[in-house]
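# Results of the structural survey
Spelled out from the first residue to the last, the chains are:
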Amino acid sequence: MTYSQNWDLDSIYPGGINSPQLAQKYQLVGDQIKNFDQQVMSSEPTSEKIADLADLAQTIGSGLGTISIFINGLASVDYGNSVYGPQFNKLGKLFVDFSVPLNKFQKLLLSLDESSFAQALTSPRLEQIAFYLTELRTDAKRLRDDATEALINQFDLDGQQAWSQHYDTISASLSMNYTDSEDSKTRHISAGQALNMLDGEPNNDTRANIMSNYEKMWGNAENLTADTLNHLAGFRLTNQNAHGRQSHLEQPLEMNRMSQATLDTMWRVVDANKSMFKPYFDRKKQLLGLKEMGWQDQVAPLTHIGDYQPKEVSYDDAAAFIIEQFGKFSPKMAKFARKAFENNWIESENRPGKQPGGYMESVPDLHESRIFLTYTGSVNDAATIAHELGHAFHSAQLTDLPLWRDAYAMNVAETASTFAELIVNDANVSGAKSDAEKLVLLDAKMTNPIAMFLNIHARFLFEDAFYSERKNGIVTPQRLNELMDEAQKNAFDGILDVRHPHFWSSKLHFFIDSVPFYNFPYTFGYLFSAGIYAQAQKDGAGFEDKYIALLRDTANMTSEALAQKHLNVDLTQPDFWQAGADLIQSDINEFLKLSEQFI
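A brief look at the structure comes next. All values derive from a computational prediction rather than experimental measurement.

## So, helix α19 (residues 447-470)
The end-to-end C-alpha distance of α19, which contains 24 residues, comes to 32 Å, matching closely the 34 Å that a straight helix rising 1.5 Å per residue would cover. The principal kink in α19, of about 30°, is found at Ile-456. The buried count for α19 comes to 17 of 24 residues, which makes it a mostly enclosed element.

## So, the packing of helix α18 (residues 435-445) against helix α25 (residues 574-595)
Axis separation between α18 and α25 bottoms out at 10 Å; the angle between their running directions is 145°. The way α18 lies across α25 gives a crossing that is left-handed. Residues Asp-435, Lys-438, Leu-439, Leu-442, Asp-443 and Lys-445 of α18 form the contact with α25, whose own contacting residues are Asp-587, Glu-590, Phe-591, Leu-594 and Ser-595.

## Re the nonpolar core
One finds Phe-277, Phe-326, Phe-341, Leu-389, Phe-419, Phe-453 and Phe-462 to be the most contacted residues of the largest nonpolar core, which totals 141 residues. Those residues in contact with Phe-277, other than ones at most four positions away along the chain, are Met-446, Pro-449, Ile-450, Phe-453, Leu-454, Ile-495, Ile-584 and Ile-588. If you look at the next biggest cluster of nonpolar residues, it comprises 46 residues, including Tyr-26, Phe-105, Leu-126 and Trp-404.

## A short note on the sheet that holds strand β4 (residues 359-363)
Ordered by their spatial adjacency, three strands build an open sheet running β3-β5-β4, and the pairing between neighbours is mixed. Sheet topology places β3 (346-347) and β4 at the edges, where each strand pairs with a single neighbour. By the bridge criterion, two bridges tie β3 to strand β5 (residues 368-372) in an arrangement that is parallel. By the bridge assignment for β5, Glu-347 is matched with Phe-372. Helix-sheet contacts for helix α2 (residues 47-76) involve β4 and β5, and the interaxial angle to β4 is about 140°. Relative to the sheet, helix α16 (residues 379-396) contacts β3, β4 and β5, its axis offset from that of β4 by approximately 20°.

About the thresholds
Residues numbered from 1 in each chain as written. Predicted model: local features only at pLDDT ≥ 70, side-chain atom pairs only at ≥ 80, totals over all residues. Heavy atoms only, no water. Helix = DSSP H or I, 4+ residues; strand = E, 2+ residues; numbered from the N terminus. Expected span 1.5 Å × (residues − 1). Bend = angle between axes of the 7 residues up to and from the residue. Buried < 20%, exposed > 50% of the residue type's maximum accessible area, 1.4 Å probe, protein only. Axes fitted to C-alpha atoms, helices over the stretch in contact; angles between N-to-C directions. Left-handed = near helix turned anticlockwise from the far one by under 90°. Contact = heavy atoms within 4.5 Å. Core = buried A, V, L, I, M, F, W, Y, C linked by side-chain atoms within 4.5 Å. Pairing = 2+ DSSP bridges.

This is the structure we're talking about:
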């Protein structure tokens, strides 16, 4: 192999969880937080004092972020090991300690009148972070007194954060049996392995058996996961209410720097275009030989089309392909991807004991990234690598800027990743050597729009309904199942004959403490990236500089302003979103046309 499939964490802190350098970093960040607290208490709100405090706050934030990716990285490849629990608690306490003087800093900004604050932002040291400082000052208007804020943040450590970590403990302890239809043998797998197999298992009967047992496994855990979800959401709602938020959507919209009008327009366009998926799924049922469409079949691979047999893609071949295709749009993207592979920033080995799913996280102290996933050799896995590299490339364009210019929201974060994924998926389809191969690759490309228009919408509908009911008390597991089933019926527009009522229990995203509504930003990013991709094809060689300019602005303005400045579009109007839906319709039309000869 050319590239290792194991990442390098020792370059962050050598020696693993007992690293002396890690211990020293904990101590250093703790001392910096105390220093920050002392300085903010004795500071007058002059532009120079604000700049000094902002620099120190960003240094602390960089240290906390670096410790976080290191601990999370170790835990991700050793999922469920209790040794990391104390480390997460220790890190969480540092975040709580930091939140106290950071709240004071926000109130210091608020102590300036509008004119004085605006004047301070013209300082050369503050110009680059003016937008973020304005957000901090605006957020300060919601803050309670210092003692109350300190207490809330301390409760969060053993409240919302603890419930999120408790879910990881539950998930890591689950396992199940399934029957392989090829050899009739019963096999035992973890919850994470089952999730990976649901997306990639080619045998219809085996896939259905995995799904049936997967649903039962999470059903058996429903009392534990329902307790966890209810208490996590209860803490969040109480916290939102304490800070004057009127709606459970107010905070996630603020975090994504987008308006309710933009969100509503996006979902209206999604709803208006769902009917285009019905002919696609009807045809896919025929090609797979299915009588009904189950949850497990929505992205099932096509494996027996004509005489074409999909081949497993080696990790090295996937890497080479990604680098080559990135280079056609942006030499800087290609160079960056090669660097990530060569420097072992990616953990991709397929082995037991790993956390499900994938992610990218920045290592701010090193101006690097680390990527986590499980590579099984499928075309979709190669696209996943491209997706996470898109995230990493985004962060890499901001390393010369202050840390607070790297604080871009999730919705625009998913733009860069989905754009990178689009490049690889389109290249796969374009490079097909036969109609059968093209059909298989086109079907693999459909994985993203299915997720963004249907699966993600189901998550949003469920979570919106759940939070509305949770305000009135505990929501039982039975009711959670009903809410999820109804959300899937509506989101998939009746396409699914067999649904996954315990999806609320099995999906990690519902239990993440730091990000409420970990769903609609994906759809935003997908459709936003479609607009960027269209621009890239139009601009050719001139695209790279425009793209990087957009990425560098992602933490420096609202989503609507970003779209207006760099794409000249209004996100509150349906035209932009409809253009993305039209691209999906085009792929579906091609899929239907190509597939006629194989049914």
